[in-house]
Each structure stands twice: as structure tokens, then as C-alpha cells.
Amino acid sequence: MLYNPKRIRKINSDVKAEAFEELITKENAKELLSGCDLCIDALDNIEGRLILEDACSELGIYLIHGAIEGWNAQISCVAPGSGTIKKLYGQVDLNEKQPAPSVLSFTAEFAASLEAAEAVKVLTGYGEKLENRLLIADLKIGDFEYVQI
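Everything in this summary refers to the structure shown in the same document.

Description of the overall build of the protein
Here comes step 1: The secondary structure content of the protein amounts to five helices and five strands.
Here comes step 2: The C-alpha radius of gyration computed for the protein amounts to 15 Å, which stays within 12% of the reference 15 Å derived for 149 residues, consistent with globular compactness.
Here comes step 3: Counting over 149 residues, the protein shows a buried share of 32%.
Here comes step 4: Sequence-distant contacts in the protein: of pairs separated by 6 or more residues, those separated by 24 or more amount to 55%.
Here comes step 5: As displayed, the protein has an accessible area near 9800 Å², and 51% of this comes from carbon and sulfur atoms.

Observations regarding the pattern of salt bridges
Here comes step 1: According to the stated counting rule, one finds seven salt bridges in the structure shown.
Here comes step 2: When the shortest N-O distance is used, the salt bridge between Lys30 and Glu58 registers 2.8 Å. With a gap of 28 residues between them, Lys30 in helix H2 (residues 29-33) and Glu58 in helix H3 (residues 46-59) connect regions that are remote in the sequence.
Here comes step 3: Judged by its relative accessible area of 56%, Glu58 falls in the exposed class.
Here comes step 4: Residues joined by salt bridges that share partners form a network here, namely Glu53, Asp54 and Lys86.

Here's the deal with the environment of Asn28
Here comes step 1: Position of Asn28 among the secondary structure elements: in the loop between helix H1 (5-11) and H2.
Here comes step 2: Exposure remark for Asn28: the relative accessible area of 12% places this residue in the buried category.
Here comes step 3: As a C-alpha pair, Asn28 and Ala55 span 27 residues in sequence and 9.3 Å in three-dimensional space.
Here comes step 4: Residue contacts for Asn28: discarding those within four places in its chain leaves Glu22 and Leu23.
Here comes step 5: There is a polar contact of 3.0 Å between the side chain of Asn28 and the backbone oxygen of Leu23.

A few points about the state of the cysteines
Here comes step 1: Counted according to the given criterion, the structure contains zero disulfides.
Here comes step 2: Cys36 takes part in no disulfide bond, and the closest cysteine sulfur to it belongs to Cys39, at a distance of 6.9 Å.
Here comes step 3: For the unlinked cysteine Cys56, the closest cysteine sulfur is that of Cys39, found at 4.1 Å.

Structural notes on the nonpolar core
Here comes step 1: Counting residues in hydrophobic clusters, the biggest one holds 17 residues, and the most contacted among them are Ile24, Leu33, Cys39, Leu52, Cys56, Leu63 and Ile85.
Here comes step 2: Not counting residues up to four positions away in its chain, the partners in contact with Leu52 are Ile24, Leu33, Cys39, Asp41, Leu43 and Leu63.
Here comes step 3: One finds Ile64, Cys77, Ala111 and Ala119 within the second-largest nonpolar core, a separate group that totals ten residues.

Regarding the environment of Glu31
Here comes step 1: Following the sequence through the fold, Glu31 ends up in helix H2.
Here comes step 2: The sequence separation of Glu31 and Ile85 amounts to 54 residues, and the corresponding C-alpha distance is 20 Å.

Regarding the environment of Asp138
Here comes step 1: Here Asp138 lies in strand S4 (residues 133-138).
Here comes step 2: Each C-alpha atom of the pair Asp138 and Ala73 lies 6.8 Å from the other, and the pair is 65 residues apart in sequence.
Here comes step 3: Excluding anything up to four places from it in sequence, Asp138 contacts Trp71, Asn72 and Asp143.
Here comes step 4: Of note is the side chain of Asp138, whose polar atom sits 3.0 Å from the backbone nitrogen of Lys140.

Parameters and conventions
Residues numbered from 1 in each chain as written. Predicted model: local features only at pLDDT ≥ 70, side-chain atom pairs only at ≥ 80, totals over all residues. Heavy atoms only, no water. Helix = DSSP H or I, 4+ residues; strand = E, 2+ residues; numbered from the N terminus. Rg over C-alpha atoms; globule rule 2.2 N^0.38 Å. Buried < 20%, exposed > 50% of the residue type's maximum accessible area, 1.4 Å probe, protein only. Contact = heavy atoms within 4.5 Å. Areas by Shrake-Rupley, 256 points an atom, 1.4 Å probe, with all protein chains shown as cover. Salt bridge = Lys/Arg side-chain N within 4 Å of Asp/Glu carboxyl O. Polar contact = N/O pair within 3.5 Å; in protein donor to acceptor, adjacent residues only side chain to side chain. Disulfide = S-S within 2.5 Å. Core = buried A, V, L, I, M, F, W, Y, C linked by side-chain atoms within 4.5 Å.

Function cannot be inferred from these measures alone, as they are strictly geometric.
The structure is reproduced here in C-alpha cells:
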């Protein structure tokens with residue numbers, strides 16, 4: 001894991017970060033997120049994202065959503081109670097085994113950078129958030145599309 005609390009405190013002593021190495025479940029999600037100002041989605045499955053959205057909504061915190069597959073990324077800023085993740089993935093049968101997506105490191109880094117930018121917008125109130133919008137990026141052809149949610 002790349003989590004380094006000493007480095008984080010050195011960069012900004014006001015930031016508190018904590019890492020948990022456990023599967024997020026309906027039973028532990030609110031406890032894991034308790035005291036957070038914001039949640040950034042770096043999950044690799046739909047069920048976890050739906051659980052995360054419910055917990056964030058109940059706690060009244062924003063969720064920054066990011067998902068990747070191959071050369072493609074999607075990013076959104078999920079307001080508490082908006083149901084954005086349910087709108088995106090609600091029709092997926094969670095009992096049906098989903099194929100593991102291919103992952104390219106630069107696509108993950110691209111998505112993480114956009115998620116970080118969204119997080120800063122939420123925390124500072126500066127800029128226009130991707131709230132109720134989904135940014136879809138196809139890095140293979142350099143195409144970017146915004147979809148209203």
C-alpha cells in the first residue's frame with residue numbers, strides 16, 4: 001500500500017488520512033466513513049459502489065466516483081441523496097458474475113487525477129463540480145463526453 005501518514009502530515013498537517021484494509025460491507029460502511037468530509041471511490045466492483053453511495057448519503061457526504069476499463073474512464077461527483085450510482089449501475093444483476101475489467105496504469109492515474117480535482121472542488125467550493133454529470137473519457141482516441149445524469 002502506498003499510504004504514508006508521515007508524508008501526508010509533512011505536506012499538510014491539517015489533513016487526517018486513515019487507511020483500512022478491509023472489504024466494505026453494508027454492516028461496516030458507515031463506521032468506516034464516520035468522521036469523513038468526503039469519500040473517493042477507488043473500488044473495483046459495482047456492489048461496493050452501491051454500498052458506498054448509500055453510506056455517504058446517510059452520512060451527508062459527497063462521493064467522488066471513478067471507474068476505469070482499458071482505455072476508458074468515467075468520473076462523477078455524487079451529492080448525498082442524488083442516487084447517481086444507482087442511476088448508473090442500478091440495472092446490473094449483481095448475482096451475475098461480471099468479467100474482471102482490463103486495467104491500464106495510465107487510465108487509472110488519469111481517473112485518479114480527475115477524482116482529486118473533484119475532491120478539491122467539493123472541499124474548497126471552488127470550480128464547477130461534475131454533479132449530476134458523468135465525464136466519460138476514451139483515452140485511445142482522445143474523446144471526452146459529458147452526460148447529464
